[in-house]
Amino acid sequence: MKLTSPEFENGKKIPRKFTCEGDDFNPTLIIEAIPAGAKSLALIVDDPDAPMGTWVHWVSFNIPVVSQIDEDSIPGKQGINDFGRKDYGGPCPPSGTHRYFFKLYALDNVLDLNEGINKEALEEAMEGHILDKAELIGLYKKGSSF
């Protein structure tokens, strides 16, 4: 499986539009080579460079098996992020350049979970059901003109 975005290349800067300094909504994501047996997708976006440990920016699950997640969308059920919200929270690092991991999972089932669950509960529920995983990494530094 492959995850890309027309907004930024893997390992490159995320445009300001998709951060707390911009419109603060999710970028378009393109999904390729989804396994044939996939029944749903799940997405976790987090920042392992946060000063207090990994910061969760987005938790979404029971996403239909689609080839694209549109910009500024709610693709599936929403979990809670570390901003305390059930939506996408864009990059907003306190200092320096941080890495943002967009992790997409193809699952062999639809998860029996309620909205508002956290990343850990989603990861636990996905155990034994992951058919494939794809990752896209974006960078952001607050105050950058990009």
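See the structure shown above.
Below is a summary of the structure that appears in this document. (Residues numbered from 1 in each chain as written. Predicted model: local features only at pLDDT ≥ 70, side-chain atom pairs only at ≥ 80, totals over all residues. Heavy atoms only, no water.)

What follows is about the state of the cysteines. Cysteine pairs can be linked by a disulfide, which is a covalent bond between their two sulfur atoms. One pass over the structure, following the stated rule, counts one disulfide. Between the sulfur atoms of cysteine 20 and its disulfide mate cysteine 92 the distance is 2.1 Å. The sign of the 80° torsion about the S-S bond sets the cysteine 20-cysteine 92 disulfide as right-handed. One end of the pair, cysteine 20, is in the loop between strand E2 (12-13) and strand E3 (29-32); the other, cysteine 92, is in the loop between strand E7 (77-78) and strand E8 (97-107), with 72 residues separating them in the sequence. Residue classification places cysteine 20 among the partly exposed positions, given a relative accessible area of 30%. (Disulfide = S-S within 2.5 Å. Helix = DSSP H or I, 4+ residues; strand = E, 2+ residues; numbered from the N terminus. Buried < 20%, exposed > 50% of the residue type's maximum accessible area, 1.4 Å probe, protein only.)

So, about the pairing of strand E4 (residues 40-47). Of all the eight residues making up E4, eight are buried; the element is thus mostly covered by neighbouring parts of the structure. Residues Ser40, Ala42, Ile44 and Asp46 point to one face of E4 and Leu41, Leu43, Val45 and Asp47 to the other, with burial holding for every one of them. Strand direction decides the pairing type here: E4 and E8, joined by seven bridges, are antiparallel. The residue bridging alanine 42 from the neighbouring strand is tyrosine 105, located in E8. (Pairing = 2+ DSSP bridges.)

Below, the discussion takes up helix H1 (residues 119-126). Along H1, the residues classified as buried are Lys119, Leu122 and Met126. Projected down its long axis, H1 shows its buried positions confined to an angular sector of 65°, all on one face. Each element contacted by the buried residues of H1 is listed here: E4, strand E5 (55-63), E8 and strand E9 (130-141). Its side-chain oxygen placed 3.2 Å from the backbone nitrogen of glutamate 120, asparagine 118 serves as the N-cap of H1. Two residues or fewer past H1, glycine 128 is found with a positive phi of approximately 80°. (Arc of directions from axis to C-beta. Contact = heavy atoms within 4.5 Å. Polar contact = N/O pair within 3.5 Å; in protein donor to acceptor, adjacent residues only side chain to side chain.)

In short, the description is geometric, and any link to function would need to be established separately.
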